[in-house]
Amino acid sequence: MGCRRSLLCMTVVILYSFNKIEGGDYENVALGKPVEQKGVAYGGYPEKAVDGNKNPDYHGGDSCSHTTSGAPTWWIVDLLSSYRVRSIVIMNRDRPTQLWDFSVYVSEYNPLPIPNQDGKLIGQRCFYYEGTVPLKGPHSFPCETTTAGRYVYVFKTSPWIVYCEFEVMAASNDPKYASFDIWVGRKSSLSPFYSTVIDVPSRLNCVMSCWLQMKV
């Protein structure tokens, strides 16, 4: 059997990266999007963190979300599409806060339950904040690296997640999908003979598109 059409005779190297976008304004892509959290305490429904009301007065402003006690705890927003997340902006409450030592993750797939059955967190970490977030705000937290996905969630190993607005910042002219560079080469050679750049929502789609587009 000739190996020209055999997948075993081909090597696929997928180089994926998020290209820097020059210019463009950042916008809050979490505003009004579907949200969930671990329980509701003191009337702090999760929707209050994405309603556009940044009043830091928990009781007077009726604008803050509040999970129930118990650890770990989490809060999640579904952006409904995939975005390259640049930073997170949080408006904290104006009184002693329950927001400390937490992580923010971005995932292409729904990460619920959090953590999963294997005790792991799904997606890529945007950042980890150690310490207590100062009162009020807004406070901006850039991602450690550009991350992309549809779901953004906060995870805390200790009880309570409370804040009055949670914003996910992405460039308004940002493509909603990651750019993947595809290089397909023969198994016997390190030099690629075919390359292209495509926009796909995941690595799996990238591989599938690669095999469909490659020249054999």
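Computed from a predicted model, the values in this text were never measured in an experiment.

1. Quick notes on the overall build of the protein chain
Item 1. Within the protein chain one finds 2 helices and 12 strands.
Item 2. A burial count over the protein chain gives 44% of its 216 residues as buried.
Item 3. Summed over its atoms, the accessible surface of the protein chain is roughly 11300 Å², and 52% of this surface lies on carbon and sulfur atoms.

2. Looking at the pattern of salt bridges
Item 1. What the rule picks out here adds up to 4 salt bridges.
Item 2. Note that Glu 167 is salt-bridged to Lys 54, the shortest N-O span being 3.0 Å. Placement of Glu 167 in strand β10 (residues 165-171) and of Lys 54 in the loop between β3 (35-37) and α1 (58-61) is noted, with a sequence separation of 113 residues between them.
Item 3. For Arg 125, the salt bridge goes to Glu 144, with nearest N and O atoms at 2.9 Å. Of this pair, Arg 125 sits in strand β7 (residues 124-132) while Glu 144 is found in strand β8 (residues 139-156), placing the two residues 19 residues apart along the sequence.
Item 4. We classify Arg 125 as partly exposed; its relative accessible area is 34%.

3. With respect to the nonpolar core
Item 1. Counting 28 residues, the largest nonpolar core has Trp 75, Ile 88, Val 104, Val 152, Tyr 163, Phe 166 and Val 168 as its most contacted members.
Item 2. For this core, the secondary structure elements donating two or more residues are β5 (73-91), β6 (100-107), β7, β8 and β10.
Item 3. Residue contributions to this core peak at 7 residues, all from β5.
Item 4. Ranked by size, the runner-up nonpolar core spans 7 residues in total, among them Trp 74, Tyr 105, Ile 114 and Tyr 151.

4. Section: the pairing of β6
Item 1. With respect to burial, β6 is a largely interior element, 6 of its 8 residues being buried.
Item 2. For β6 and β7, the ladder comprises 6 bridges, and the chain directions are antiparallel. Bridge assignment links Trp 100 to a residue of β7, and that residue is Thr 132.
Item 3. Looking at chain direction, β6 and β8 are connected through 6 bridges and run antiparallel.

5. Here we look at the environment of Ile 122
Item 1. As for its position among the elements, Ile 122 is in the loop between β6 and β7.
Item 2. Distance in space between the C-alpha atoms of Ile 122 and Tyr 105 is 7.8 Å, their sequence separation being 17 residues.
Item 3. Aside from chain neighbours lying at most four places away, what touches Ile 122 is Tyr 105, Ser 107, Pro 111, Asn 116 and Tyr 153.

6. Overview of the confidence of the model for the protein chain
Item 1. When pLDDT is averaged across the protein chain, the result is 79; 68% of the residues are at 70 or more.
Item 2. Confidence scores differ between elements of the protein chain, with strand β1 (residues 10-17) showing the lowest mean pLDDT of 42 and β3 the highest of 98.
Item 3. Here residues 1-23 scores under 50 on pLDDT; set against residues more than four positions off or in separate chains, the count is 53 contacts.
Item 4. A low-confidence stretch, residues 177-198 (pLDDT under 50), is modelled with 77 contacts involving residues beyond four sequence positions or located in other chains.

7. Looking at the packing of aromatic side chains
Item 1. If you walk through the whole model with that rule in mind, you get 9 aromatic pairs.
Item 2. With a centroid separation of 4.7 Å and an interplanar angle of 50°, the aromatic rings of Trp 75 and Phe 166 are classed as tilted. Here Trp 75 is found in strand β5, whereas its partner Phe 166 is found in strand β10, with 91 residues between them in sequence. Per residue, the accessibility class of Trp 75 equals that of Phe 166, and both read buried.
Item 3. Centroid distance Phe 102 to Phe 127: 5.8 Å. Interplanar angle 80°. Geometry classified as edge-to-face. Here Phe 102, found in strand β6, pairs with Phe 127, found in strand β7; they are 25 residues apart in sequence, far enough to count as distant.
Item 4. Since its relative accessible area comes to 0%, Phe 102 is described here as buried.
Item 5. Here Phe 127 falls in the buried class, since its relative accessible area comes to 4%.
Item 6. Each residue in the set Phe 102, Phe 127, Tyr 129 and Phe 141 is aromatic and connected to the rest through ring pairs, giving one cluster.
Item 7. Positioned over the ring face of Trp 100 is Lys 156, at 3.8 Å from the centre of the ring.

Rules used in this analysis
- Residues numbered from 1 in each chain as written.
- Predicted model: local features only at pLDDT ≥ 70, side-chain atom pairs only at ≥ 80, totals over all residues.
- Heavy atoms only, no water.
- Helix = DSSP H or I, 4+ residues; strand = E, 2+ residues; numbered from the N terminus.
- Buried < 20%, exposed > 50% of the residue type's maximum accessible area, 1.4 Å probe, protein only.
- Areas by Shrake-Rupley, 256 points an atom, 1.4 Å probe, with all protein chains shown as cover.
- Salt bridge = Lys/Arg side-chain N within 4 Å of Asp/Glu carboxyl O.
- Core = buried A, V, L, I, M, F, W, Y, C linked by side-chain atoms within 4.5 Å.
- Pairing = 2+ DSSP bridges.
- Contact = heavy atoms within 4.5 Å.
- pLDDT = per-residue confidence, 0-100.
- Phe/Tyr/Trp six-rings, centres within 6.5 Å; stacked < 30°, edge-to-face > 60°.
- Lys NZ or Arg CZ within 6 Å of the ring centre and 35° of its normal.

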